Amino acid sequence: MSPETTAPRSLAEALRARDDASLSALLRSRPDLITPVPTDLTQLATRAGTRASVVRALERLDRFTLQTAEALAVAREPATYDELLGLLAGDDGDPAVTAAFPHALGTLREQALVWGADDRVRLVRTARELLAPSPQHPSPTGLGPTVGEATAGMSPGRIQEIVAAAGLASTHDSVSAVASLSALFADRGRMSALLDEAPAEAVEVLSRLVWGPPYGQVTAEPAAHLRWLIARGLLLPTAPGTVVLPREVALHLRAGRAHRVTEPVAPAVEAAANHRPQAVDAAAAGQAYTTLATVEELLKDWHEGGPAVLRAGGLSVRDLKRTAVALDVPEPVAAFWVELAYAAGLVASDGEADERYAATPAYDAWLELPAAERWGRLASAWLAATRTAGLVGGRDAKDRTLSALGPGLDRSPAPEVRHRVLALLAGLPEGASPDTDSLLARLFWERPSRGARPSPDDLRARLARWTLSEAELLGVTGRGALSAQGRALLGLPATADAQAARPSGPGDKLPAHKRRPPLAAPAAAAAQPSPAEQAAAAARAVALLAPLLPEPLDHVLLQADLTAVAPGPLERPLADTLGVLADVESKGGATVYRFTPASVRRALDAGRSASDLHAFLAAHSRTPVPQPLAYLIDDMARRHGHLRIGAASAYVRCDDEAVLNEILADKRSQEFGLRRIAPTVLVAQTDPSTLLAGLRTMGFAPAAESAEGDVLISRAHAHRTPPRTAPEPVPDGPPVPDATLLGAAIRAIRAGDLASTAPRKDDPAAGRPGDGALPRTSSAETLATMQAAVMTGEAVWIGYVNAEGAASQRVIAPIRVEGGFVTAYDHTADEVRTYPLHRVTGVAELADDQP
């Protein structure tokens, strides 16, 4: 490709010379280019040069590849391979830069940001405009304009004065004078000799400007050392009182480097601590169990209908605080659990007039799954979610508070950052937790902000920190290190299970640098997997986690102090019944339940009898039922329902007149407006539920009854939303096309390009690509040419307008013309098609060497 005659003259020609594999790589790295599919390669090249597409492509380059593009933006156009390498490696030729440069330049070529042979390397015009230095937008390199750019508005006489002061021969025109001065500044030997004559103060001024910004201020009467620099063009005026250091001078002072620090190698992620892989997996499994318990507790707290939905959407600050207290966690952690349940489709708004949050029907199905599968659902939802709980409590662009479950929490890069952070953890030795600063430095190198340095407030940095904390909460990591199930969740080989299968040995105690590390996760691991790949990875993670989770227990240990200790997770029926009969006093590795009069009455209200409760405790306790607990149950059962409350507004009836007398004598009953209407009946001026709660507060144990006089059994009403789907992640741009779509798109682009570039016999520019205009012929000419092509079997070039009004060019081989239609083999679609003749704008014969 080096000969001048075969060198591409445009990006479109460079793309036309690529094979299908190269075009596939381009479209895979820049999927926005096929949304929609371009009609031909010229349109593809045009789209690849648009500002939005170029900005998107630049934002996805690693640090060194971006530095290569920045260096090319300040090089002469076109540049040679060696000139560009010199700008990066410097005069000394940094070997690390030299080794990394071919890959960086190849990446730019693959993504169509650079085109041309090695002797004529060109940056796409839009990318050059974005990266080249200007007074309004300084270059990340810190370089200023060239001598030619800085002297563009300078008078010819002033230019000749500078040339003479620099010791150069005068010329007859400004163009040759500027070229002579530029050649002097680019010549290392002559430039060194010139600077040897400079005053020390002048050299100090140059050293302050050399790495940028290259602009400086001078007074109307500059000092002698400044006048020496200005006279020789080492500083050139750009505006009154402002001078700039020319690019050629700065490159000489920098020893040819475009950047102060060139970063050809990605910084390594350092390990902060090392743990045994078995300990990591055990810690992660314990946290995974806590995840399930916490989500269940959250949804149980919202069982009868959760907090109200704000008018703008989301939870109020008060409701989030109340939820945090119920879960016994800080508010940011409570926001994470709420958002996790929402992302997994387990909670949503009910859509009622008085809209509230509640569990969805999917929650009931989720509860029936094995514990490991329930965790897999949550972990998969977290990994793919774009909603970001860490933003809760912050402010949006309109200075409104961001609330949990509310709008404005989607951040498109979140899934990619989560995948990449976990992939970097997978690259460490097993059991190693990362040093956070080195991890953030690596992420910034892989996706740097143009012209910026890492910042704690950078979105990707915050997403990475949230990923580390959330992965630990979820049990994807344990003690900061990636667990076996976390590795499997990413679709990486689960190397930890093989090690867990053997007893620990001396090798587990080796330092990290002596252990054999697993294969490092490539940068491509950050790409989003397909749904099928996600499901397969989640299934492997579930299989690894299942043996590590504790088996549910069917018993508790009853204590004499009216408590029960559950030494592990309980089977669901046991846990549900015990949750009604007792109150949770403390949680942890073992859960402590406390029996109180109120909790026992709650069980009686739910329809349990005293004998049922005694039998239940005897069947599920490994210790004898303590006598105080048995007395408490019998006492509450004896008193339960002795008083009956129904609707009058409300009434109280009791066979024991003394109890009613006691109620009337109590001053606390005055608020209910009680009066006796019969020896065993009182009526009240309040509703039954208020009266029921009030008498219980006074120490009585009334029961509600129906209109028929039967005791009402009160069970918690499970409020559910209508069927809801989990929130869809907000994509970070078009999805990466699969192989089938890529193949179809490339065939369509090739075919369209064939039609748009096929020369006609009557085209004076035959043999060269056409201008893309549709052929125009009359209806009679079109019909005659088609009929002739049927007889000769030759292909023709047509213009065609479809039913939607979209125009295209096609190369077809007519087979049959009848009834106002032409049936032909369409080379552009690679199939036989039928076209209405009235939609054909025109037809032309192809040149003899065309299909």
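Before reading on, note that the structure itself is shown above.
Residues numbered from 1 in each chain as written. Predicted model: local features only at pLDDT ≥ 70, side-chain atom pairs only at ≥ 80, totals over all residues. Heavy atoms only, no water.

## What to know about the pattern of salt bridges
A side chain of one charge can pair with a side chain of the opposite charge when the charged atoms of the two come close. As enumerated under the stated definition, the model contains 33 salt bridges in all. For the salt bridge of Arg-188 with Asp-91, the shortest nitrogen-to-oxygen distance reads 2.8 Å. Placement of the pair is Arg-188 in helix H12 (residues 188-196) and Asp-91 in the loop between helix H6 (81-89) and helix H7 (95-110), with a sequence separation of 97 residues. The shortest N-O distance in the salt bridge between Arg-387 and Glu-339 comes to 2.7 Å. Taken as a pair, Arg-387 in the loop between helix H20 (371-384) and helix H21 (414-426) and Glu-339 in helix H18 (residues 331-343) lie far apart in primary sequence, 48 residues in all. There is no split in this pair, since Arg-387 and Glu-339 are both buried. Sharing partners across several salt bridges, the network here consists of Glu-416, Arg-447 and Arg-460. (Salt bridge = Lys/Arg side-chain N within 4 Å of Asp/Glu carboxyl O. Helix = DSSP H or I, 4+ residues; strand = E, 2+ residues; numbered from the N terminus. Buried < 20%, exposed > 50% of the residue type's maximum accessible area, 1.4 Å probe, protein only.)

## Comments concerning H18
Over its 13 residues, H18 extends 18 Å from the first C-alpha to the last, a length consistent with the 18 Å expected when each residue adds 1.5 Å. Burial analysis of H18 places 10 of its 13 residues in the buried class, the great majority of the element. Every buried residue of H18 is accounted for by Val-333, Ala-334, Ala-335, Phe-336, Trp-337, Val-338, Glu-339, Leu-340, Ala-341 and Ala-343. Among the structural elements, helix H16 (277-301), helix H17 (317-327), strand E7 (347-349), H20 and helix H23 (459-474) are those in contact with the buried residues of H18. (Expected span 1.5 Å × (residues − 1). Contact = heavy atoms within 4.5 Å.)

## Digging into the side chain of Asp-32
Here Asp-32 shows up in the loop between helix H2 (20-29) and helix H3 (41-48). Of the buried charged residues, Asp-32 lacks a salt bridge, with Arg-56 as the closest side chain of opposite charge at 4.2 Å. (Lys, Arg positive; Asp, Glu negative; His and termini not counted.)

## Considerations on the sheet that holds strand E14 (residues 583-586)
Note on sheets: strands pair through backbone hydrogen bonds, and any given pair is parallel or antiparallel. Across the sheet, which stays open at both edges, the four strands sit in the order E12-E13-E15-E14 with antiparallel pairing between neighbours. In the strand order of this sheet, the two ends are held by strand E12 (557-558) and E14, each with one partner. Two elements, strand E13 (residues 563-566) and strand E15 (residues 591-594), share four bridges in a ladder whose sense is antiparallel. Each bridged residue has a counterpart across the sheet, and for Ala-564 the counterpart in E15 is Tyr-593. (Pairing = 2+ DSSP bridges.)

## So, the sheet that holds strand E21 (residues 796-801)
The five strands are arranged E24-E23-E22-E21-E25 in an open sheet whose pairing can be described as antiparallel. Only two strands of the sheet have a single neighbouring strand rather than two, namely strand E24 (831-836) and strand E25 (840-845). Put simply, the sheet's adjacent strands are angled 45° from each other on average, direction ignored. Relative to E25, E21 is paired through five bridges, and the arrangement is antiparallel. Bridge assignment links Tyr-800 to a residue of E25, and that residue is Val-840. Helix H34 (residues 779-792) rests against E21, strand E22 (807-818), strand E23 (821-826) and E25 of the sheet, and its axis sits at about 60° to E22. (Axes fitted to C-alpha atoms, helices over the stretch in contact; angles between N-to-C directions.)

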